[in-house]
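Examining the three-dimensional arrangement
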Amino acid sequence: MTTIQVAGLHVRHRRTVALDSLDLGFGRGVHGLLGPNGAGKTSLIRVLATVAAPSGGRVRMLGEDIADPRGRTEVRRRLGYLPQDFGYYPGFTVREFVAYMAWLKEMPAARTPAAVERAVTRVGLADRIDVKIRTLSGGMVRRVGIAQAIVNDPAVLLLDEPTAGLDPEQRVEFRELLRELGAGSTVLVSTHLVEDVAAACTEVTLIAGGRLAYRGTPEALTALGAASDGVGDHPIERGYTAALRAHREVAAR
Amino acid sequence: MTSTGIVLYARSRALPQTVAALAATTVLAVWATHSLDSYLDPERRVPVVALAPLVAATAIGSSLHSASEELDRTAVRPWWRRRLTHLLCLTALAAALLPLAVLSSAQIFGPPAMVRNVLGCTGLTAGAAVVLGARLSWLPVFGYVSAMYMGVSGLRGTSLPAWAWLLEPGAGGGAWATAAVLFALGGGAYAVKGARGTP
Amino acid sequence: MTTLMERRRPAAEAAPLRPEFRSGFAPLAGAAVLLTLTVALAVPAESWQGGWAETRDRTHAAAVLLGIPLSLAAGCWQGGRERRRGTGDLLETAVRGALPRFLASAVPVAVWVAVGHLLAAGCALLATWYCATGDSPYLVVPLGDSLLLGCAALAGQVVGRAVPWRLAAPVLATAGYAVLGFLSYDHDNAWSALSPLTDASADRMPVWWQPWVSVVWVGGLAAAAVLFLTARRRAVALVPLACATAAAVLLVGADGLTRPAPVAGRQVCDTSTTPQVCVNARYERLLPQIAEALSGLTGRLEGVDHVPVRFEDRRGRPRADEAELPMVTPLGWSVVRGKLTEPGQYAWEAGMALFSRADCDDTEPAVARADAAVEHYLAPSPQEKYFDELDARGSAADRAALKDRQRARARLLGMAQDERRVWLSEYFATAGDCDPSGVPTL
């Protein structure tokens, strides 16, 4: 079932084109969003998060058109978002910050305390729940960001570089969390770490230069790397470079 | 939990500190009118009537800053209502507190002039927050108050032009109208658009 | 090869600083100072435009009272930048010392703030230049003020670095207002010498060393603060602090920070008329206009005896044989932008300065009638008609007085020229006397 349907999406920042008539659909599961720096990953995620308005095209999420204010509000209720740089209030405790975000999402007040504790436990910060964010390390702050994104059990979860700053053990646990979340909802993870994609994603979307470069399963991407002579140390890294090179050759023609 | 949500919102915008700053401004303003011997001549209150609303508006302006701008924009709750309430409550508080400094005479630079200046300055600050970001919102209003404070003292005659609303001594209708329009425009722009996100 | 590299080096060294100068907050701060000062000067332009001393004092007051708080705020804001951007830790690891790093971010704001003030002061000078009435421009005071504003921006930056509070900048500026206001509120106060604002009036000027010592006083404080914050050995800060203290002692202990302007003691005269017309040398270019405005009056007094020798325009009371020229200052009333606004009113005021029985307890109706007729003949008041009409509509007594006045006027006008000259000579011999017996009647 498709939860996110993108048609002819166009995003422009001043004079540069970030996304160029993109057509995509995402269903339940964990989707890895790969691409070089400046490919348009963050632009796509910000449009899907209803933070930025596209300059052209249509986006339907969870059966609503996000150009319509009422539809947008309904989508936001069931949306989780972790921006690349998320601002936080240093004087808030973890519990307060996540509760504040839950309040902003208009979660029923009765359910909020339990939901906050569950979200914080899921990211492994249960022992730090009443500590001020100011005193946390960079990786822990990142996990607070993930906790606020999942506090409302979102049907669509958008994560921009979620694993940056996490230690290897945390990343393994986070992939487990991703798989768990992907069972019930649509999770879109933008990342540069292809190992995460190989381990946790059910589908890979590669964007380059604002256009779709490749779509398939991680296994297919790995196979592509083995078949062609991609560069890299990891099989899926070879697939990534091969797909990118093929896309550039087509684009150059 | 709803009340907790509002409390958290208030803390996220540093409202307790802002209220404390407004209270401190009031105390300073009362002390200043007293030490300027303003009972001798109401004109001596001009510094208080011009500067106290400036400081209050600066405090209110800096409370419009949000640290989690990107996340705020995905909120389900309609922001404009919250922003408007936020601005109106603080302006009302300032407009209620600051006139305490100039109670002794209502005619010249009295409570009506103080309330009018609070409205005008806050409107300018809110507008500046939309354009420049909340943290730098004090700059335009500061320049305006400075220029007026110095410039208008040299103006001939008693009837001041509309843009000199800050220093109209009485409760003149024109100055009130200008200040009210500024507050409506600035406050409206802030309620609709919110403060510009700055790092 | 070597020469090429040597030649390129300065440009490469300056390059990292160039963006700070060209974009970001520094030009914005300069623009804010320029805009604020321009508005503060342009609004009351009538009261200073045309007089160099007035221009100097107005620009100086605006620079000190508005420019310094604004510069403090601008510097303070820039000082909080590393904290806001979270680049503090990164900069701590730099090889360059704390002082160069501080200056790299502080100097652009200081320079732009000073440039903003210089532009505003330059505009004011230009605005006066095209309608200047005499005297010559004063350049030292605005130059000193620019330096003051730059120093204030540096001092503000120190506060911005040290105080992690988001209201620090506006509150610092308001405190600056309060301190400057307190120092300048009452010039009899001993501390007022410490305010960079000199208590100058248009016919006095600051002594030559005052602007520079003021800069050393404020600049010394700013430099001490900068060095205390950034120098590896904080004791170095004592050197500028000692300079500032010395300057402060000099300012407080000085026997007056202003002196009379030499030009204000002189006057220029048109000696071809009776009485002669003299104008203070500060407004010498107004002489033709004033002589023209008074030409009717002086023409009518030609050949009349016992008239004052001249209209004088110096400080203090006129001598026994002189009359006081109606006031040109403060600018913005009878003179606006180098032009006499109401020559008729001015001539009437000049005529009234020639005779006055204001000190007398009461005047006889006959004397009052003669006075009114002379007033009417020399230079009638622009309001004369209005008062006549008022009396015409008034009580019977008012109407009778009006009729009397009109008859006296007609009689003076009706005289033959020689007869009138003799009558006026007789009249002016008694001008100012309270004894009615000598005053010729009409």
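For the structure, see preceding data.
Here we summarise the structure given alongside this text.

About the cut-offs
- Residues numbered from 1 in each chain as written.
- Chains lettered and ligands numbered in written order.
- Predicted model: local features only at pLDDT ≥ 70, side-chain atom pairs only at ≥ 80, totals over all residues.
- Heavy atoms only, no water.
- Helix = DSSP H or I, 4+ residues; strand = E, 2+ residues; numbered from the N terminus.
- Buried < 20%, exposed > 50% of the residue type's maximum accessible area, 1.4 Å probe, protein only.
- Contact = heavy atoms within 4.5 Å.
- Areas by Shrake-Rupley, 256 points an atom, 1.4 Å probe, with all protein chains shown as cover.
- Lys, Arg positive; Asp, Glu negative; His and termini not counted.
- Charge placed at Lys NZ, Arg CZ, Asp CG, Glu CD.
- Buried area = accessible area lost by both parts, 1.4 Å probe.
- Salt bridge = Lys/Arg side-chain N within 4 Å of Asp/Glu carboxyl O.
- Polar contact = N/O pair within 3.5 Å; in protein donor to acceptor, adjacent residues only side chain to side chain.
- Nonpolar A, V, L, I, M, F, W, Y, C, P; charged D, E, K, R; others polar.
- Pairing = 2+ DSSP bridges.
- Axes fitted to C-alpha atoms, helices over the stretch in contact; angles between N-to-C directions.
- Disulfide = S-S within 2.5 Å.
- Patch = residues over 30% accessible without salt bridge, like charges linked within 9 Å, V, L, I, M, F, W, Y side chains within 5 Å.
- Parallel < 35°, antiparallel > 145°, perpendicular 65-115°, else oblique.
- Left-handed = near helix turned anticlockwise from the far one by under 90°.
- Arc of directions from axis to C-beta.

**Examining the overall build of chain C**
A tally of regular secondary structure across chain C gives 18 helices and eight strands. With the C-alpha coordinates of chain C rotated into their principal frame, the extents come out at 100 × 50 × 40 Å. Split into buried and exposed, the 442 residues of chain C put 48% on the buried side. Looking at chain C alone, contacts between residues at least 24 apart form 73% of all its contacts between residues at least 6 apart. Approximately 22000 Å² of chain C is accessible, and the part contributed by carbon and sulfur atoms is 60%. Charge-centre separation for chain C: the mean point of 43 positive side chains lies 15 Å from the mean point of 45 negative side chains.

**Things to note about the interface of chain C and chain B**
Listed as interface residues are 31 residues of chain C and, on the opposing side, 29 residues of chain B. Between chain C and chain B the total buried area reaches about 2600 Å² when both faces are included, carbon and sulfur atoms providing 75% of it. When the buried surface of chain C facing chain B is broken down by residue, V43, R166 and Y177 of chain C rank first, second and third, together holding 24% of it. Across the contact surface, chain C and chain B share zero salt bridges. Our count for the contact surface shared by chain C and chain B stands at two residue pairs in polar contact (both at pLDDT 80 or more). Among the secondary structure elements, those contributing two or more residues to the side of chain C that touches chain B are α3 (25-42), α4 (52-79), α5 (81-85) and α9 (168-185) of chain C. Considering only residue class, the side of chain C that touches chain B consists of 23 nonpolar, three polar and five charged.

**Considering the interface of chain B and chain A**
Taken together, the contacts link 23 residues of chain B with 28 residues of chain A. Across the interface of chain B and chain A, roughly 2400 Å² is buried in total on both sides, 64% from carbon and sulfur atoms. Contact with chain A buries area across many residues of chain B, yet L71, V76 and R77 of chain B alone supply 28% of it, more than any other trio. The interface formed by chain B and chain A holds two salt bridges in total. If you look at where chain B meets chain A, you find 15 residue pairs in polar contact (both at pLDDT 80 or more). Elements with a minimum of two residues in the side of chain B that touches chain A: α1 (2-12), α4 (69-72) and α5 (79-97) of chain B. Grouping the constituent residues of the side of chain B that touches chain A by class yields 10 nonpolar, six polar and seven charged.

**Some remarks on unusual backbone geometry**
Residue and element names in this part refer to chain C. Positive phi, close to 65°, is recorded for D135, a residue that is not glycine. Looking at where D135 falls in the secondary structure, it is placed in the loop between α7 (98-129) and α8 (140-162). Positive phi is not limited to glycine here, since H306 has a value of about 65°. For H306, the position within the fold is in the loop between α13 (295-300) and β5 (310-312). The exposure class assigned to H306 is exposed, which follows from its relative accessible area of 53%.

**Considering the sheet that holds strand β6 (residues 322-324) of chain C**
In a beta sheet, neighbouring strands pair by backbone hydrogen bonds and run either parallel or antiparallel. All names here are of chain C. Taken in spatial order, the four strands line up as β3-β4-β5-β6 in an open sheet, and their pairing is mixed. Taken across any chain shown, the strands that pair with only one partner, and hence form the sheet edges, are β3 (267-270) and β6. Ignoring which end each strand starts from, the neighbouring axes of this sheet average 25° apart. Bridge count between β5 and β6: three bridges; the pairing is parallel. The residue of β6 that forms the bridge with R310 is E322.

**Considering the sheet that holds strand β2 (residues 16-27) of chain A**
All names here are of chain A. With antiparallel pairing, the four strands of this open sheet are ordered in space as β2-β1-β4-β5. Across the chains shown, the open sheet's two edge strands, defined by having one partner strand only, are β2 and β5 (64-65). Pairing analysis gives eight bridges linking strand β1 (residues 2-13) to β2, with the strands arranged antiparallel. Residue L9 lies in a different strand from β2, and its bridge partner there is L22.

**Structural notes on the state of the cysteines**
All names here are of chain C. Applying the stated criterion across every chain, the model contains one disulfide over all chains. Each sulfur in the disulfide pair C269 and C278 lies 2.0 Å from the other. The chirality of the disulfide connecting C269 with C278 is right-handed, given an S-S dihedral of about 110°. Overall, the relative accessible area of 34% leaves C269 in the partly exposed class. Given the relative accessible area of 0%, C278 is considered buried.

**Brief notes about the pattern of salt bridges**
Taken as a whole and assessed by the stated rule, the structure comprises 30 salt bridges over all chains. Here R95 of chain A and E117 of chain A are joined by a salt bridge, their closest N and O atoms 2.8 Å apart. On the criterion of sequence distance, the pair formed by R95 of chain A in helix α3 (residues 94-104) and E117 of chain A in helix α4 (residues 112-122) is long-range, its members being 22 residues apart. With relative accessibility at 27%, the residue R95 of chain A sits in the partly exposed group. Note that D130 of chain A is salt-bridged to R95 of chain A, the shortest N-O span being 3.0 Å. One end of the pair, D130 of chain A, is in the loop between α4 and α5 (138-150); the other, R95 of chain A, is in helix α3, and 35 residues separate them in sequence. Salt bridges sharing common partners tie together E384, D388, D391, R405 and R409 of chain C.

**Focus on a nonpolar patch on the surface**
A contiguous nonpolar surface patch, about 610 Å² in accessible area, is contributed by L118, V140, L143, L147, W208 and W212 of chain C. In this structure, L118 of chain C sits in helix α7.

**Some remarks on the packing of helix α15 (residues 365-378) of chain C against helix α18 (residues 417-429) of chain C**
Residue and element names in this part refer to chain C. Viewed as axis vectors pointing N to C, α15 and α18 meet at an angle of 120°, and their least axial separation amounts to 12 Å. Compared by their axis directions, α15 and α18 come out oblique. When the axes of α15 and α18 are compared, the crossing they make is left-handed. Within the contact between the two elements, α15 uses A370, D371, V374, Y377 and L378 and α18 uses R420, W423, L424, Y427 and F428. Residue classes in the contact of α15 with α18 are distributed as eight nonpolar, no polar and two charged.

**Side note on the environment of V374 of chain C**
Residue and element names in this part refer to chain C. On the secondary structure map, V374 appears in helix α15. Sequence spacing of V374 and E54 is 320 residues, and the spatial spacing of their C-alpha atoms is 37 Å. Excluding residues within four positions of it along the chain, V374 makes contact with F355, L412, W423, L424, Y427 and F428.

**What about α4 of chain A?**
All names here are of chain A. Of all the positions in α4, only T112, A115, V116, A119 and V120 are classed as buried. Taken around the axis of α4, the buried residues stretch over an arc of 130°, which confines them to a single face. Looking at the buried side of α4, the elements it contacts are α3 and α5.

**Focus: the pairing of strand β4 (residues 56-61) of chain A**
Both faces of the sheet carry side chains from a regular strand, because those side chains alternate between them. All names here are of chain A. With five bridges connecting them, β1 and β4 associate as antiparallel partners. Counted as the bridge partner of H10 is G56 from β4. For β4 and β5, the ladder comprises two bridges, and the chain directions are antiparallel. For R60, the partnering residue across the bridge sits in β5 and is D65. Taken together, β4 and the strand that follows it, β5, pair antiparallel across an intervening segment of two residues, in which L62 is found at a positive phi of about 50°.

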